[in-house]
Structure formats: structure tokens, C-alpha cells
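Examination of the molecular architecture
Next come the chains, spelled out residue by residue.
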Amino acid sequence: STSEMCLLYSQEESAEDYARAYVAMARLAHGEGSPAVGDAYGFQTSLLARRGKIEEAVQSASRLLQVRQKTGAAKPIADAHWNKGVLLRELQRDDAALESLEAARNSYVECSGEGHQTSTVDVAMGRIFLSMGQHAQAVKAFRQAVRTRQRTLGFAHAETRKASELLAAAESELHQEAEKKQAVDSAEAPVPMARRGSNTQATGPGN
């Protein structure tokens, strides 16, 4: 396309103009909500992300998702949720990113069950949980990724080993968190009062 040619020759401002025109022409020729319009939004999203215009890319990704949801096909919907989640993560909007990634995961499961794509989402979610200090959630996500990759790729595969390393790091963080909490709880626990002396008489029933 003309937009791709502009990218090839580093004329990115012109590429954005042609990408907008691509969307407009697709809407005119195929109708709002058509797969062709979704493809146009997908191209525009990629272009904006490449140029570092992440806020605009998120808006385009949201429009892409709306189009894909009209088609009802699980795989394109899952991909659209994934793209939006990755972009939201770039903006450090972690809660919104997790919501999109969870939706992507659910759609991938609906489409083809637990597999490579769901494990990729699990790793992405685990990284976000880890950055948020939610170590237990990170461990859960990484553990799921490891199990899926062990089953589908094998124990020795590089991606399985990478997920295992992430799981070990998250488990270490969780262990340290538990130790710190235990230390704080011990420091805050009430100390029993010492006996005032051996001559102190007990009081109570019968005295």
C-alpha cells in the first residue's frame, strides 16, 4: 500500500495520513464493522505504536476491538484484546492492561484451549503482577505458563526454561515478602508482662 511505501522510505507523517485514508476508504467500500475495516485499524494501530504515539494507538486498538467483536470470531477478538493490553502496559495503565489480557486469554481458550498463546498471555500478566508487587498472583500466572509450555513444548524448550526462571524469581519475591511480614508481625506482637517477683501471690477463685 501507499502507506507501507511511505514507511519504507521513512516518510512516517505521510504514512499516518495514508493510514487514515485507508480506514476511511475501507469503511466506505466495505461498511463499518467489516473485516476490511478491522484490518485497516490494525495497520493504523501498528503504525502509531511504531511511531511511539501510544495513546493514539490505544484508541485505534479500541476501535479495532469493536470491529472484531462484531464479527464474533474468537481468534481475531483475542488478538485485538492482546494488542490493546500490550499498548496499555506501555502506558503503565496496569489494571486496564490486565483486564485486556485476561479477556484475550479467555478468548484464546474459547478458540483453541490452553496452549502457546495462553502461556504467552500468562507470562505477560505475570510480569505485570510482579511489577505491581502482587507476587502471589505473579506466581500463579507464571506457574500456569510453565505447566502449559511443559505440556506443549517440552521441558527443555527455551520458552519453557524462560517461564521457569520467571516463576523461580516470583517465588523468591513471594518468599521474601512472607519473611518480611512475619518479621513485622513478630515485632508488633504484645510482649507478656514479666512477673513482679517470686513473692507475688496468685489471685483468683479460692484466694
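Residues numbered from 1 in each chain as written. Predicted model: local features only at pLDDT ≥ 70, side-chain atom pairs only at ≥ 80, totals over all residues. Heavy atoms only, no water.

**Looking at the side chain of arginine 68**
- Note that arginine 68 resides in helix α4 (residues 54–71).
- A residue is classified by how much of its surface remains accessible, and arginine 68, at 14% relative accessible area, is buried.
- At 2.9 Å, the side chain of arginine 68 forms a polar contact with the side chain of aspartate 39.
- Excluding its chain neighbours within four sequence positions, the residues that come into contact with arginine 68 are Pro35, Gly38, Asp39, Ala73, Pro76, Ile77 and Ala80. (Helix = DSSP H or I, 4+ residues; strand = E, 2+ residues; numbered from the N terminus. Buried < 20%, exposed > 50% of the residue type's maximum accessible area, 1.4 Å probe, protein only. Polar contact = N/O pair within 3.5 Å; in protein donor to acceptor, adjacent residues only side chain to side chain. Contact = heavy atoms within 4.5 Å.)

**Observations concerning the confidence of the model for the chain**
- Chain-level statistics for the chain give a pLDDT mean of 87 and a share of 85% at 70 or above.
- A low-confidence stretch, residues 1–10 (pLDDT under 50), is modelled with 17 contacts involving residues beyond four sequence positions or located in other chains.
- Low pLDDT, under 50, characterises residues 200–207; the predicted model gives this stretch one contact beyond four residues in sequence or across chains. (pLDDT = per-residue confidence, 0-100.)

**Some words on unusual backbone geometry**
- A positive phi angle is found at glutamine 92, which is not glycine, with a value near 60°.
- Relative to the helices and strands, glutamine 92 is located in the loop between α5 (74–90) and α6 (94–112).
- Overall, glutamine 92 belongs to the exposed group, its relative accessible area being 64%.

**Side note on the pattern of salt bridges**
- This model, assessed by the stated rule, comprises 13 salt bridges.
- Note that arginine 20 is salt-bridged to aspartate 17, the shortest N-O span being 2.4 Å. Note that arginine 20 and aspartate 17 are positioned in helix α2 (residues 12–30) at a spacing of three residues, about one turn of the helix.
- With a relative accessible area of 42%, arginine 20 lands in the partly exposed category.
- For arginine 89, the salt bridge is made with aspartate 94, and the minimal N-O distance between the two is 2.7 Å.
- Connected through salt bridges with shared partners, the residues Glu16, Asp17, Arg20, Arg51 and Lys53 form a single ionic network. (Salt bridge = Lys/Arg side-chain N within 4 Å of Asp/Glu carboxyl O.)

**Focus: the environment of tryptophan 82**
- Mapped onto the fold, tryptophan 82 is located in helix α5.
- Separated by 25 residues in the primary sequence, tryptophan 82 and serine 107 have C-alpha atoms spaced 9.9 Å apart.
- Non-local contacts of tryptophan 82, meaning those with residues more than four positions away in its chain, are made with Leu101, Ala104, Tyr108, Thr120, Val121 and Ala124.

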